[in-house]
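# Structural overview
One letter stands for each residue in the lines below.
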Amino acid sequence: MMGKSLSALFKKDCRMMAAGKFFVVALGSLLLYTLFINFGYVKFMDANANIYKVYLYDPVGAFGQVSPLVDKVGSLEELNEALALDIGSGVGVKVLAGQPEVVMYRGAEQADRHRVDYALSLLHSDGEYPPEIVGGNTVEMKLRREITCELLFIEIVAVGFLGIASVLFKEKQMGVIRVHAIMPLPKSLFIFSKIFLYLVADLIFATLMTLFNIGLAGAGSILPGVLLQTAILSLIMALAGFGCVMLFKDFKQFSLAYLVIALFAASPVFLSANTSIKMDWIDCHPFYHVYMGLKNAFFDMPGTGPAYYICAVCAIILLSMLVSAAFRQEMSKEG
């Protein structure tokens, strides 16, 4: 009996998703993102360009033989101006007492170490200070992994969150919840059916997004980790969207909450993870850890310990309990 009821709910929810153009929007987003990455972003960023600009102030000529990639400046003021115009990627080297001193705007700690190694390596053309080799990704593949991760995160946080809300509001207007309230079925099936279908849709989207933009060879090793992080983010956003629909009367009220949540979840995370702007409180931001988990998965890097997964599971369980309570309260109103 329960199996037939769940199957009927799956079919009904699929029809609602199709009627709401969810699959069309998801397919359109996948196509748009893929075209943007392959024919816009990668070409615009020029995969063969130098990653970091290195500026050298060496008034006494202590380093006579340096790489042609180094830009020499004539004063400390000129060095500071160059770094100010190239925040996040520029590296300055000043030689005042015979020893090089690296100056730069602070960014991500690991990337800063690589920038220092790279800048110092250019001062020794004889190989005295070889640069540290990190990973096996080409610059183009690094760009592909970064932008694919960011767009996938945006898709689930913004589009996925809005998608489940739009379908639920439509069902509220149609009286579906009122009908379900009087049916002799477990109330949790209604929630499970929707969350499960959106989870499957997000996993399929993540799989295709990764394969189309990273390639089959590169995606093979990272796909399990990417799908795990996608599942965590998808469940959190689907449950959050479900809960918001139960709290607000109509889509207009929901829109403001959607804007606040989307901005809160995305803006600080991208600023701290991808630019030189490092907020001291960002470690307390839950979506920052989810995003970094997804990014580490795309680069096949460890970075998420047991504490992260324990917190993620606890958050999903807590959201499930809150959503279930809100749904039962909504059904009591309808009944």
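Scroll up for the structure.
Cut-offs applied
Residues numbered from 1 in each chain as written. Predicted model: local features only at pLDDT ≥ 70, side-chain atom pairs only at ≥ 80, totals over all residues. Heavy atoms only, no water. Helix = DSSP H or I, 4+ residues; strand = E, 2+ residues; numbered from the N terminus. Buried < 20%, exposed > 50% of the residue type's maximum accessible area, 1.4 Å probe, protein only. Contact = heavy atoms within 4.5 Å. Axes fitted to C-alpha atoms, helices over the stretch in contact; angles between N-to-C directions. Parallel < 35°, antiparallel > 145°, perpendicular 65-115°, else oblique. Left-handed = near helix turned anticlockwise from the far one by under 90°. Nonpolar A, V, L, I, M, F, W, Y, C, P; charged D, E, K, R; others polar. Patch = residues over 30% accessible without salt bridge, like charges linked within 9 Å, V, L, I, M, F, W, Y side chains within 5 Å. Areas by Shrake-Rupley, 256 points an atom, 1.4 Å probe, with all protein chains shown as cover. Salt bridge = Lys/Arg side-chain N within 4 Å of Asp/Glu carboxyl O. Pairing = 2+ DSSP bridges. Phe/Tyr/Trp six-rings, centres within 6.5 Å; stacked < 30°, edge-to-face > 60°.

Turning next to the side chain of Lys 194. Looking at where Lys 194 falls in the secondary structure, it is placed in helix H7 (residues 188-214). Its relative accessible area of 2% is what places Lys 194 among the buried residues. With residues near it in sequence (within four places) discarded, Lys 194 still touches Lys 12, Asp 13, Val 167, Leu 168, Glu 171 and Phe 242.

Orientation of H7 relative to helix H8 (residues 216-247), taken along the N-to-C sense of each, is 150°, at an axis distance of 8 Å. Relative to H8, the element H7 is oriented roughly antiparallel. Considering how the two elements wind past one another, H7 and H8 form a crossing that is right-handed. Residues that form the contact of H7 with H8 fall into these classes: 20 nonpolar, 5 polar and 2 charged.

Side chains of Phe 192, Phe 196, Val 200, Ile 204, Leu 208 and Phe 212 sit close together on the surface and give an oily, nonpolar patch of about 510 Å² of accessible area. Along the chain, Phe 196 falls in helix H7.

Tallied over the full model, the rule gives 1 salt bridge. Between Lys 142 and Glu 146 there is a salt bridge, and its shortest N-O distance comes to 2.8 Å. Note that Lys 142 and Glu 146 are positioned in helix H5 (residues 139-174) at a spacing of 4 residues, about one turn of the helix. You can call Lys 142 partly exposed: its relative accessible area is 34%.

Next up on the list: the environment of Val 42. Looking at the secondary structure, you find Val 42 in helix H2 (residues 22-45). Val 42 sits in the buried class, given a relative accessible area of 6%. In the structure, Val 42 is positioned 100 residues away from Lys 142 in sequence and 10.0 Å away in space, judged by C-alpha atoms.

Attention shifts here to the sheet that holds strand E2 (residues 70-72). Taken in spatial order, the 4 strands line up as E2-E1-E3-E4 in an open sheet, and their pairing is mixed. In this open sheet, the two edge strands, each paired with only one partner strand, are E2 and strand E4 (100-103). With direction set aside, neighbouring strand axes in the sheet form an average angle of 30°. Summarising the sheet, strand E3 (residues 91-95) and E4 pair through 4 bridges and their orientation is antiparallel. Of the residues in E4, the one forming a bridge with Val 93 is Val 102. Its contacts with the sheet place helix H3 (residues 76-85) against strand E1 (54-57), E3 and E4, and it is angled at close to 165° to E3.

Counting across every chain of the model gives 5 aromatic pairs. Considering the side-chain rings of Tyr 33 and Phe 205, the 6.4 Å spacing of their centres and the 85° angle between planes classify their relative orientation as edge-to-face. Of this pair, Tyr 33 sits in helix H2 while Phe 205 sits in helix H7, and the two are 172 residues apart along the sequence. Judged by its relative accessible area of 13%, Tyr 33 is buried. Considering the side-chain rings of Phe 153 and Tyr 291, the 5.2 Å spacing of their centres and the 80° angle between planes classify their relative orientation as edge-to-face. Taken together, the residues span a long stretch of sequence, with Phe 153 in helix H5 and Tyr 291 in helix H10 (residues 286-298) at a distance of 138 residues. Residue Phe 153 is classed as buried on the basis of its relative accessible area of 0%.

So yeah, pure geometry; function would need other evidence.
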